[in-house]
Amino acid sequence: MMLSMYDIKDEDIDSVFDQSQLSAVAQSAQLQMQLPVVELMKDFMSGKTVFRNIMSILTRGVNAIITERTTQVYGQLLEKAVQLSLEILILVFEKDVIVSDFWRPLYQPLDIILSQDHNQIVAFLEYVRYDFRPQIQQCSIRIMSILSSRMVELVQLLLKSNAANCLIEDYAACLELRSEECQIIENSREDSGILIMQLLIDNISRPAPNLTQLLLKFDLDTPIERTVLQPRFHYSCLKVILDMLDQYIKPDVNALLHEFGFQLLYELCLDPVTSGPTMDLLSSKKYHFFVKHLVTVGVAPLPKRNNTQALRISSLHQRAWLLKLLATELHACDISGSLHREACQSILAHIFGKDIIEDGIHSSTLQNGDEDSGAGSMSKSKVLELLEVVRFKSPDTYPKFSEAVRNLKYVSLVEGIIGNPTTSEKGGIYYYSERGDRLIDLASFRDKLWQKFNLISPQLGSFASEAELGEVRETIQHLLRWGWKYNKNLEEQAAQLHMLTGWSQIVEVTVSRRMSSFPNRSEILFQVLDVSLSTSASPDCSMKMAVILTQVALTCMAKLRDERFLCPIGLDSDSFTFLDMLMMKQLPNGACHSILFKLIMAILRQESSEALRRRQYALLLSYFQYSQNMVDPDVPTSVLKSLLLSEQEGEDLDLQKIHKEQAELARANFSIFRKEAQAVLDVVIKDATQGSESGKTVSLFVLDALICIDHDRFILNQLQSRGFLRSCFIRISNFSSQDGGRSLDSLQRACTLEAELVLLLRISHKYGKLGAQVLFSMGVLEHTSSCKAVNIHVKGSLMRVETKLGRDVAMDIDRQRMIVAPILRIVLSLTSLVDTSEFFEVKNKIVREVIDFVKGHQLLFDQILRENIPKAEDLTLEEINLVVGILCKIWPYEESDEYGFVQGLFGMMCALFPRDSENQRKSELKVFQLCFSLSSYLYFLVTKKFLRLQVSDVSTGYNVQQQPTLALLGSLLNSVTATLERACEEKSLLLNKIQDMNELSRQEVDEIISMCSRKECVSSSDNIQKRRYIAMMEMCQVAGNKDQLITLLLPLAENVLNILLIHLQDEETVEMITHGAKSDLEQDLPWLCGKLVPILERLELLSEDKTGHNLKVFRRLVNSLKELAIQNLAL
């Protein structure tokens, strides 16, 4: 009684410590001040009188106690003494940890005292065999639990004392006896079976060999991982648990036992030491464990809440642990073995349908017109039935009182008690259940209520009237009933979330790892995605459930995008066309409409949070990416057209049909969004302006995606009328140097700035000159000029050179990609407003402001122009292209060259134009883009400012400014011609190989895959069909790159040809070149023409079939220049 009623406090610990330093006389003087409970603790922790007396009772042994109870008159008194002795030990165990660190070395924890004689430990652990009084068994189990957490050597101790085998059987018998009970035990703390299950679960993760491995009959003489479990031949707790779950008898009485049984098996499969043997056992055909319980437990009707809420809660937890167990098997098992492969196929077949076969090849494959091919299998699946189990409105768990309670006089005083989150041990009213739920301790709640009422109204201590006493009692009874209901509702909500989590795990594991065995993957993914969105949008769905369901939907949507262009299965590899291969798994437009509509409804749900909306926004972005590409986006349209020309007649009509359906889907997407546009924009814009940095970023990307589907400038007008664009400009302008630091917050702020810049760039791209005009009129250049991010970039680059630290380089590259490049893209987009017809209009406001921007960021432009182009990476090359593109468009309007940009561009021409076409093949596209910008600038100077070039470089002895020459242009034209010829031949060869793909051998296909550096995409087990598909897709991408290069080189060649043609047509120029130059250069023009003629003859041979472009105008230009060159050869 003293041990249970008195808690040791800090002053008690200090007093014992202080007294150990006093003399004997002083100690005797203080003896009368000692509390009995402290003396008792000191006695037990030093193994003295009381401890020895208790041991003398317990060490008689369980067998002696059993005998004396039935043969002696004092037997029942002895039994009671044993129970009290065990309870005393448990109380000491609960308190000795508090004081042991302070009282050492004079006093030791009780387990240290007990370990001095191992027979003592074995003696009271064996009391689990005593089945006459369950309380004694429960005390023995609790002591075992305490010792297992404190004594690492406990299992070895039991093995050496030869008590292990008896304890294994005793625990199994105790558990089996409990499973045969016919009466529900209300308090789980007094349930021997639950205590044993918790003991087993708690010890799983402890170092091997541990108590769980011992009691479940793992082989402790060999490595645990190699154990072959045989519960049918070895009597243990494992056999009892498996039989109990297999028979599933008395589900109402044994609900908690079944629940913890599933949890135990899940934890065993999760532990790296015991997972192998446990999963091998459960996968064996002797048990059919996984599939059997899907029917008996998984989709069984859920008990009603009114009368059997406890059973309902346990039933939900059982299903949760079962689903998590199945997910573990699907995730971690090795399917190379037949045992686990068959188990996985059986699980998938029962959950997702009966059409799952071994190698994933199936005769029925999704076709565009076969929209319902998966309906049959889905009607048999249980994945939707399992979700249906948890599709009920969560019970109310908010700490609010009913109206009857709220109207009582003293209820306002209770809110302070409820609001204290501490547990009952620390003065609060909460405790954590065996499941981990934080519940109200009703006894502590009752005591706190009386204490609160007595403090607030001291007169209640004498209870002046019976009426007041009755009112207080009635209030407390109402509150206790509310507390009980609150606990049950909280447990049910936690159980509902737990099962939904298990369902989400099995779906996500299947989607991410085991979808290859599904013949109708797209239908299954759509079904799960559709029902997840429907449930999350329901008003009965809690916010926590919506988060889980949205994550599942996000995974399914991502897999749908992957599935959209994966290698098709179930087709004869010699019979399908390129169009079949490139658009095999498109969902019908109606399914896409359903996804978007339900997703919008989910975004607009009443109870929401930023964390939930971030997932919903990510799902919306993923959907738009999916719906905007009905043909693989990696295959350019030009390449696809080239392929289809060689197919059957009418394939071009199929391509037109694709584009028509794509346009219809885009219009339908916008129409669906338009119906709820105001509400959606309210939510998204609020997150983009008031949310966290990550919330702002993803919201801005959503607005970017909405602009992509905009019609009639509806979104643009909304953003303007709501003042959102103006607020974006203000935030960009206010970006400070502190925001460019190297902390996580700074990086997130930089991501938000990047998203804002991307949104502005999207407006310019989507709406063309109108969008650029809107941005310009709102002062985009002024605000971007005020942004400190560009200056940070320059300083960051200087620091990078000084420090040469890898981390600084990485941070600078990130900032370069996130901020500088988008700003330059915006400025370049504004140059589209510059009309070349207004060259002599000095009042061109756009030109002036862009020039002012360039002058204001001279250091940035100089820094980028000085980059070493041959060694530059892709991002640096892009920035060089942007800077050159801006300067080439607006700098001709600048009269002076005090900033040196003209000489910088000329110097770049002199460095790039004589390039070798065989070098830098990797970056040739970007380098030729740079050459095109420079040639356009030079063409502008020649045509508008009448610049005339020398044939070759002239050395005069003076410091003459560097300038490109006609010879340099001839060298560039030669490089362009050679690259054009090579690109046309390579493209033609690739298209021919793609057309003959079905005739290529496996070796030839593997060589193509190896050439494209895509070996990681195939495995040795992949068939020839998949290899051909991968090779075809890679060659389509390479052919697309070649086509893009050809498309760039043709106008580049036209620029060069036009510049040369202007020079040769200008009689004054020719006269100057031939007669005005020095005698050693008199042969320059004929020499140049002699170089040009063979180049022009090669250009004449270019084929429209190989280039894919109409060359009529191009050939006319080539012929004109060739005629002039031949004429000048005679000069």
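A quick note: this is a predicted structure, and the numbers were derived from the prediction, not measured. (Residues numbered from 1 in each chain as written. Predicted model: local features only at pLDDT ≥ 70, side-chain atom pairs only at ≥ 80, totals over all residues. Heavy atoms only, no water.)

Trainee: Outline the overall build of the protein chain, supporting the account with residue identities and numerical values.
Mentor: The secondary structure content of the protein chain amounts to 53 helices and two strands. For the protein chain, buried positions account for 52% of its 1131 residues. The long-range fraction of contacts in the protein chain, counting pairs at least 24 apart against all pairs at least 6 apart in sequence, stands at 74%. Element-wise, carbon and sulfur atoms account for 51% of the exposed surface of the protein chain, whose accessible area totals about 51300 Å². (Helix = DSSP H or I, 4+ residues; strand = E, 2+ residues; numbered from the N terminus. Buried < 20%, exposed > 50% of the residue type's maximum accessible area, 1.4 Å probe, protein only. Contact = heavy atoms within 4.5 Å. Areas by Shrake-Rupley, 256 points an atom, 1.4 Å probe, with all protein chains shown as cover.)

Trainee: So what's going on with the nonpolar core? Residues and values would help.
Mentor: Of all hydrophobic cores here, the largest spans 295 residues; its most connected members are Leu158 and Trp503. When residues in this core are grouped by element, the largest group, 13 residues, is from helix α49 (residues 1024–1065). If near-sequence neighbours (up to four positions away) are discounted, Trp503 is found in contact with Leu323, Val383, Leu386, Leu387, Val528, Ser532, Leu549 and Val552. Grouped together as the second largest cluster of nonpolar side chains are 18 residues, Ile418, Val472, Leu480 and Tyr486 included. (Core = buried A, V, L, I, M, F, W, Y, C linked by side-chain atoms within 4.5 Å.)

Trainee: Before we move on, could you go through the environment of Val1056 and cite the residues and values that matter?
Mentor: As for its position among the elements, Val1056 is in helix α49. For Val1056, a relative accessible area of 1% translates into the label buried. Counting along the chain gives 118 residues from Val1056 to Leu938, while the straight-line C-alpha distance between them is 9.1 Å. Setting aside anything within four residues of it in sequence, one finds Val1056 in contact with Leu969, Leu972 and Leu973.

Trainee: Lay out the pattern of salt bridges with the relevant residues and their values.
Mentor: Scanning all chains against the criterion turns up 36 salt bridges. Asp111 serves as the salt-bridge partner of Arg150, at 2.9 Å between the closest nitrogen and oxygen. Here Asp111 lies in helix α8 (residues 110–114) and Arg150 lies in helix α10 (residues 134–150), a separation of 39 residues in the sequence. The shortest N-O distance in the salt bridge between Lys1122 and Glu1100 comes to 3.1 Å. Linking Lys1122 in helix α53 (residues 1112–1129) with Glu1100 in helix α51 (residues 1084–1100), this pair joins segments that are 22 residues apart in sequence. The class for Lys1122 is buried, based on a relative accessible area of 18%. For Glu1100, a relative accessible area of 25% corresponds to the partly exposed category. Each of the salt bridges in this network shares a partner with another, and the network as a whole consists of Glu259, Arg435, Lys488 and Glu491. (Salt bridge = Lys/Arg side-chain N within 4 Å of Asp/Glu carboxyl O.)

Trainee: Which residues make up the packing of aromatic side chains, and what values go with them?
Mentor: Inspection of the entire model under this criterion finds 14 aromatic pairs. Taking the centre distance of 5.5 Å and the plane angle of 45° together, the rings of Tyr266 and Trp321 count as tilted. Note that Tyr266 is positioned in helix α16 (residues 255–270) and Trp321 in helix α19 (residues 309–332), a separation of 55 residues in sequence. Residues Tyr899 and Phe901 carry aromatic rings whose centres are separated by 6.2 Å and whose planes lie at 10° to one another, so their mutual orientation is stacked. Residue classification places Tyr899 among the partly exposed residues on the basis of a relative accessible area of 21%. (Phe/Tyr/Trp six-rings, centres within 6.5 Å; stacked < 30°, edge-to-face > 60°.)

Trainee: Please provide a residue-by-residue account of helix α6 (residues 62–71), values included.
Mentor: Every buried residue of α6 is accounted for by Val62, Ile65 and Glu68. Axial view of α6: buried residues confined to an arc of 130°, hence all on one face. Looking at α6, the residues exposed on the side facing more than 90 degrees away from the buried face are Thr70 and Thr71. Where α6 is buried, its residues touch α7 (75–103). (Arc of directions from axis to C-beta.)

Trainee: Describe the side chain of Glu756, naming the residues involved and giving the relevant values.
Mentor: Within the secondary structure, Glu756 sits in helix α38 (residues 744–777). Residues within four places of Glu756 in sequence aside, it is in contact with Leu700, Cys728, Arg731, Ile732 and Arg749.

Trainee: For unusual backbone geometry, give the residues involved together with the corresponding values.
Mentor: Of note, the amide linkage connecting Ala208 to Pro209 takes the cis form, showing an omega dihedral of -5°. Its location among the elements puts Pro209 in the loop between α13 (192–202) and α14 (211–215). Its identity as a non-glycine residue notwithstanding, Asn162 has a phi of 60°, on the positive side. Tracing the backbone shows Asn162 in the loop between α11 (154–160) and α12 (164–179). For Asp712, which is not glycine, the phi torsion reads 60° and is therefore positive. Among the secondary structure elements, Asp712 is positioned in the loop between α35 (693–708) and α36 (714–721).

Trainee: Help me get a handle on the packing of helix α4 (residues 36–44) against helix α5 (residues 49–58), residues and values and all.
Mentor: At a closest axis distance of 6 Å, the pairing of α4 and α5 adopts a crossing angle of 65°. As far as their axial angle goes, α5 and α4 are roughly perpendicular. Facing α4, whose interface residues are Leu40, Asp43 and Phe44, α5 presents Thr49, Val50, Phe51 and Ile54. Class assignment of the residues belonging to the contact of α4 with α5 gives a composition of five nonpolar, one polar and one charged. (Axes fitted to C-alpha atoms, helices over the stretch in contact; angles between N-to-C directions. Parallel < 35°, antiparallel > 145°, perpendicular 65-115°, else oblique. Nonpolar A, V, L, I, M, F, W, Y, C, P; charged D, E, K, R; others polar.)

Trainee: For α36, give the residues involved together with the corresponding values.
Mentor: Those residues of α36 lying buried are Phe714, Ile715, Leu716, Gln718 and Leu719. One or two positions beyond α36, positive phi appears at Gly723, with a value near 75°.

Trainee: Outline the confidence of the model for the protein chain, listing residues and values.
Mentor: With 79% of its residues at a pLDDT of 70 or more, the protein chain shows a mean pLDDT of 81. Low pLDDT, under 50, characterises residues 795–810; the predicted model gives this stretch 11 contacts beyond four residues in sequence or across chains. The model gives residues 1076–1082 a pLDDT under 50, and that stretch makes five contacts with residues more than four places away or in other chains. (pLDDT = per-residue confidence, 0-100.)

Trainee: An account of the side chain of Thr274 is needed here, citing residue identities and associated values.
Mentor: In this fold, Thr274 is placed in the loop between α16 and α17 (275–283). If we skip the residues at most four places from it in the chain, Thr274 touches Gln213, Phe218, Ile224 and Leu268.

Trainee: Just give me the short version of the packing of helix α18 (residues 289–298) against helix α20 (residues 338–352), but keep the residues and values in it.
Mentor: At a minimum axis separation of 9 Å, α18 and α20 run at an interaxial angle of 20°. By the criterion of interaxial angle, the relationship of α18 to α20 is roughly parallel. Between α18 and α20 the crossing geometry is right-handed. Residue-level inspection shows Phe290, Val291 and Leu294 of α18 in contact with α20, the latter providing Ser346, Ile347, His350 and Ile351. (Left-handed = near helix turned anticlockwise from the far one by under 90°.)

Trainee: Pulling in residues and values, what's your account of the environment of Leu1092?
Mentor: With respect to the helices, strands and loops of the structure, Leu1092 is situated in helix α51. Residue class for Leu1092 comes out buried when judged on its relative accessible area of 1%. Taking C-alpha positions, Leu1092 is 9.2 Å from Ser971, a pair spaced 121 residues apart along the chain. Beyond its immediate sequence surroundings of up to four residues, Leu1092 is in contact with Gly970, Leu973 and Leu1060.

Trainee: So what's going on with the environment of Ile600? Residues and values would help.
Mentor: Relative to the assigned elements, Ile600 resides in helix α30 (residues 589–603). On the basis of relative accessible area, Ile600 is assigned to the buried category, the value being 5%. A sequence separation of 80 residues divides Ile600 from Val680, and the C-alpha atoms of the two residues are 7.5 Å apart.

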